[in-house]
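# Structural overview
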Amino acid sequence: METDDEAPACLIMEACLMNMSIVPPEPGYLEKVREITKRHGIVLISMSSTPT
């Protein structure tokens, strides 16, 4: 992202993958994603689901 004009409005992500089993992110991953999105003015939407 060279300029803020090229930045997306938001990032929607699932914090913990649950489509095959529960796969948590590596330590520090979500913090780094938040740091990058905050730096570029991108709204971070982190979704969470309950396994059924």
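Located above this text is the structure these notes cover.
Below or above, wherever it landed, is the structure these notes cover. Remember, predicted model here, so these are calculated numbers, not experimental data.

## What about the overall build of the protein chain?
Each helix and strand in the protein chain was counted, giving one helix and two strands. If you list the helices and strands of the protein chain from N to C, you get β-α-β. Buried positions account for 13% of the 52 residues belonging to the protein chain. When contacts within the protein chain are restricted to residue pairs at least 6 apart in sequence, long-range pairs at least 24 apart make up 64% of them.

## Some points on the pattern of salt bridges
The full count for this structure, using the stated rule, is two salt bridges. The partner of K32 in a salt bridge is E35, with the nearest N and O atoms 3.3 Å apart. One end of the pair is K32 and the other is E35, both in helix α1 (residues 29–39) and three residues apart, which spans about a single turn. Overall, the relative accessible area of 42% leaves K32 in the partly exposed class. Its relative accessible area of 42% is what places E35 among the partly exposed residues. Residue R39 is joined to E35 by a salt bridge in which the shortest nitrogen-to-oxygen separation is 3.3 Å.

## Some details on the pairing of strand β1 (residues 10–14)
In the sheet, β1 pairs with strand β2 (residues 43–47) via five bridges, with the strands oriented parallel. Paired with C10 across the two strands is V43, which belongs to β2. For the segment spanning β1, α1 and β2, crossover handedness is right-handed.

The rules we used
- Residues numbered from 1 in each chain as written.
- Predicted model: local features only at pLDDT ≥ 70, side-chain atom pairs only at ≥ 80, totals over all residues.
- Heavy atoms only, no water.
- Helix = DSSP H or I, 4+ residues; strand = E, 2+ residues; numbered from the N terminus.
- Buried < 20%, exposed > 50% of the residue type's maximum accessible area, 1.4 Å probe, protein only.
- Contact = heavy atoms within 4.5 Å.
- Salt bridge = Lys/Arg side-chain N within 4 Å of Asp/Glu carboxyl O.
- Pairing = 2+ DSSP bridges.
- Right-handed = clockwise from strand over helix to strand, strands pointing away.

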